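Structural description and commentary
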Amino acid sequence: MKDDDLQKWKDAGSIASKARELGSGMVTEGVTYLEVAETVEAFIVEQGAEVAFPANIAVNDVAAHYTPRPGEKTRFRYGDIVKIDVGAHIDGCIGDTAKTVEVGTTTYSQLILASKRALESAIEVIRGGISLSTIGSIVERTMNSMGFRPIVNLTGHAIERYELHAGISVPNYDDRGREFMPEGTIVAVEPFATTGIGEVKSWKRSNIYRMVRPKGKLKPDQQQALDLVQTDMPHLPFSERWLEKGLPRSEKALKGLVRAGSLYSYPILKEAGGGMVSQWEHTLYVTDKGCKILTY
Ligand code: MN
Ligand code: MN
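Residues numbered from 1 in each chain as written. Chains lettered and ligands numbered in written order. Predicted model: local features only at pLDDT ≥ 70, side-chain atom pairs only at ≥ 80, totals over all residues. Heavy atoms only, no water.

**Describing the overall build of the protein chain**
So the rule is basically this: The helix and strand labels rest on DSSP assignments: H or I over at least four residues marks a helix, E over at least two residues marks a strand, and numbering proceeds from the N terminus. The rule is simple: take the accessible area with a 1.4 Å probe, protein chains only, and divide by the maximum for that residue type; under 20% is buried, over 50% is exposed, in between is partly exposed. Here, residues are in contact when the closest pair of their heavy atoms is within 4.5 Å. Under the convention used here, a 1.4 Å probe and the Shrake-Rupley method define accessible areas, while residue burial counts only the protein chains that appear. Charge counting follows a simple rule: Lys and Arg are positive, Asp and Glu are negative, and His as well as the terminal groups are ignored. For the purpose of locating charges, the reference atoms are NZ of Lys, CZ of Arg, CG of Asp and CD of Glu.
Looking only at helices and strands, the protein chain has six helices and 15 strands in total. Along the three orthogonal principal directions, the C-alpha set of the protein chain runs to about 55 × 45 × 35 Å. Every one of the 296 residues in the protein chain was classed for burial, and the buried ones make up 56%. Pairs at least 24 apart in sequence give 76% of the contacts found in the protein chain among residues at least 6 apart. Element-wise, carbon and sulfur atoms account for 47% of the exposed surface of the protein chain, whose accessible area totals about 13200 Å². Looking at charge distribution, the protein chain has the averaged site of its 36 positive side-chain charges lying 5 Å from that of its 38 negative ones.

**As for the packing of helix 5 (residues 220-232) against helix 6 (residues 251-259)**
Here is the rule we go by: Only the stretch in contact is used when a helix axis is fitted, and all axes are lines through C-alpha atoms; the angle between N-to-C directions ranges over 0 to 180 degrees. Each angle is binned into one of four classes, with values under 35 degrees roughly parallel, values over 145 roughly antiparallel, values of 65 to 115 roughly perpendicular, and all other values oblique. Ten residue types, Ala, Val, Leu, Ile, Met, Phe, Trp, Tyr, Cys and Pro, are classed as nonpolar, four, Asp, Glu, Lys and Arg, as charged, and the remainder, Gly among them, as polar.
It is at 9 Å that the axes of helix 5 and helix 6 come closest, and there the two elements cross at 85 degrees. Our classification of the angle between helix 5 and helix 6 gives roughly perpendicular. Facing Asp-221, Gln-222, Ala-225 and Leu-226 of helix 5, the residues of helix 6 in contact are Ala-253, Gly-256 and Leu-257. For the contact of helix 5 with helix 6, the per-class residue count stands at four nonpolar, two polar and one charged.

**Some thoughts on the coordination of the manganese ion (ligand 1)**
Applied cut-off: The donor set covers N, O and S atoms within 2.8 Å of the metal, switching to 3.2 Å for Na, K and Ca, and it leaves out water, so a site may look short of donors.
Those protein atoms acting as donors to the manganese ion (ligand 1) are Asp-85 (OD), Asp-85 (OD), Asp-96 (OD) and Glu-281 (OE), and they sit at 2.1 to 2.4 Å. Within one chain, the residues donating to the manganese ion (ligand 1) are spaced in sequence as D-x10-D-x184-E. The distance between the manganese ion (ligand 1) and the manganese ion (ligand 2) comes to 3.2 Å, and Asp-96 binds to both of them. On the criterion of sequence distance, the pair formed by Asp-85 in strand 3 (residues 81-90) and Glu-281 in the loop between strand 13 (277-279) and strand 14 (282-286) is long-range, its members being 196 residues apart. Glu-281 carries the same exposure label as Asp-85, and that label is buried.

**Here we look at the sheet that holds strand 6 (residues 156-158)**
To keep it simple, the criterion reads: DSSP bridges decide pairing: two strands pair if at least two such bridges lie between them.
As summarised here, the arrangement of the five strands in space is 7-6-8-14-15, forming an open sheet in which the pairing is antiparallel. Looking at which strands have only one partner, the edges of the open sheet turn out to be strand 7 (169-170) and strand 15 (291-293). Sheet analysis places strand 6 next to strand 7, joined by two bridges and oriented antiparallel. Each residue of the ladder has a partner; that of His-157, found in strand 7, is Ser-169.

**Some points on the packing of helix 3 (residues 109-125) against helix 4 (residues 132-145)**
For clarity, the threshold we go by: Working rule for handedness: look at the near helix, and if it is turned counterclockwise from the far one by less than a right angle, call the crossing left-handed; if clockwise, right-handed.
Interaxial distance between helix 3 and helix 4 falls to 8 Å at its minimum, and their mutual angle equals 145 degrees. As for the relative orientation of helix 3 and helix 4, their crossing is right-handed in sense. From helix 3, Ala-114, Ser-115, Arg-117, Ala-118, Ser-121, Ala-122 and Val-125 reach across to helix 4, where they touch Ile-135, Ile-138, Val-139, Thr-142 and Met-143. For the contact of helix 3 with helix 4, a count of residues per class yields eight nonpolar, three polar and one charged.

**A short note on the pattern of salt bridges**
We count it as follows: Think of a salt bridge as a Lys or Arg side-chain nitrogen and an Asp or Glu carboxyl oxygen that are within 4 Å of each other.
Scanning the entire structure with this criterion turns up ten salt bridges. With a closest N to O distance of 2.9 Å, Glu-21 and Arg-20 form a salt bridge. For Arg-20, a relative accessible area of 6% corresponds to the buried category. Between Glu-120 and Lys-116 there is a salt bridge whose closest N-O contact spans 3.2 Å. Taken as a pair, Glu-120 and Lys-116 lie in helix 3 at a separation of four residues, close to a single helical turn.

**As for the pairing of strand 10 (residues 200-211)**
By the bridge criterion, seven bridges tie strand 10 to strand 12 (residues 263-271) in an arrangement that is antiparallel. Looking at strand 12, one finds that Val-200 is bridged to Glu-271. Alignment of strand 10 against strand 11 (residues 238-239), held across two bridges, turns out to be antiparallel. When the bridges of strand 11 are listed, Ile-208 appears paired with Ser-239.

**Some words on the sheet that holds strand 5 (residues 149-150)**
Neighbouring strands of a sheet are bound in pairs by backbone hydrogen bonds; such pairs are parallel or else antiparallel. What the three strands build is an open sheet, ordered 5-9-13; its pairing is antiparallel. Each end of this open sheet is capped by a strand with a single partner; those strands are strand 5 and strand 13. The pairing of strand 5 with strand 9 (residues 192-194) spans two bridges and is antiparallel. Note that in strand 9 the partner of Pro-150 across the bridge is Ala-193. Across the sheet, helix 3 lies against strand 9 and strand 13, angled at about 35 degrees from strand 13, the strand it touches most.

**Description of helix 6**
Those residues of helix 6 not exposed but buried are Ala-253, Leu-254, Gly-256, Leu-257 and Val-258. Taken together, the buried residues of helix 6 touch strand 10, helix 5, strand 11 and strand 12. Following helix 6 by one or two positions, Gly-261 has its phi on the positive side, about 85 degrees.

Note that all results are geometric; they support no functional claim without further evidence.
Next up, the structure:
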């Protein structure tokens, strides 16, 4: 990779990292999800990057793909365990990072530590040419040794410019696959640990969408929403909240666009056994000798 390109990945990673700390630091009893999401997203823009995807706030048995609706009043409660997963990009170079915090209690410290340690153990061994199932095996063993399970149907992922999930997937268990980590990959590694059965299932539709097909026979409000999406966020996931200024109360139009096949809506992912879930994530740059943490 060219040096000035790598610099953009580093800068985006550094901003994402600060946004993660800002957001997770705000999580206390009584604070709304919306305050955290809006603060994190505004911070990313203030720092000179763009928001790569809506701030994900996943609580307790929800593992991923939850972002608050416009005006949502849900507040953090004593005893919640909260995953804050944020993304910043500069010219499409994305930093994707997450951590887990507990609201007022320490009941799930070990569960939270399990995904953190699994990520640290993975980072220690990642280098160009390592087998992906070896990484998964290390994640799985680290969690099992602490009494937890990895979530097997969530994976890490290579990232390319303007593409959050590109190329290889990094398993969170030994999937016996035969793929290897190419040197030079930008990759997000994200172990999820759970007290449940170790799988997520799709629940309701979230407020997170992505453009899939920019045309179709559409109603005027749908066309207006789609035009906004195409202008402002044609590549990466976005939230209904981001359309509020240009098109207030766009939920109906967005749902219509999902039915018309123009937008994809991400389902909220919940642990299938109702287990509590922790997650930790860093974006890495893989070299021949090891890897560099871009979201440190
Ligand atoms: Mn993430
Ligand atoms: Mn990710």
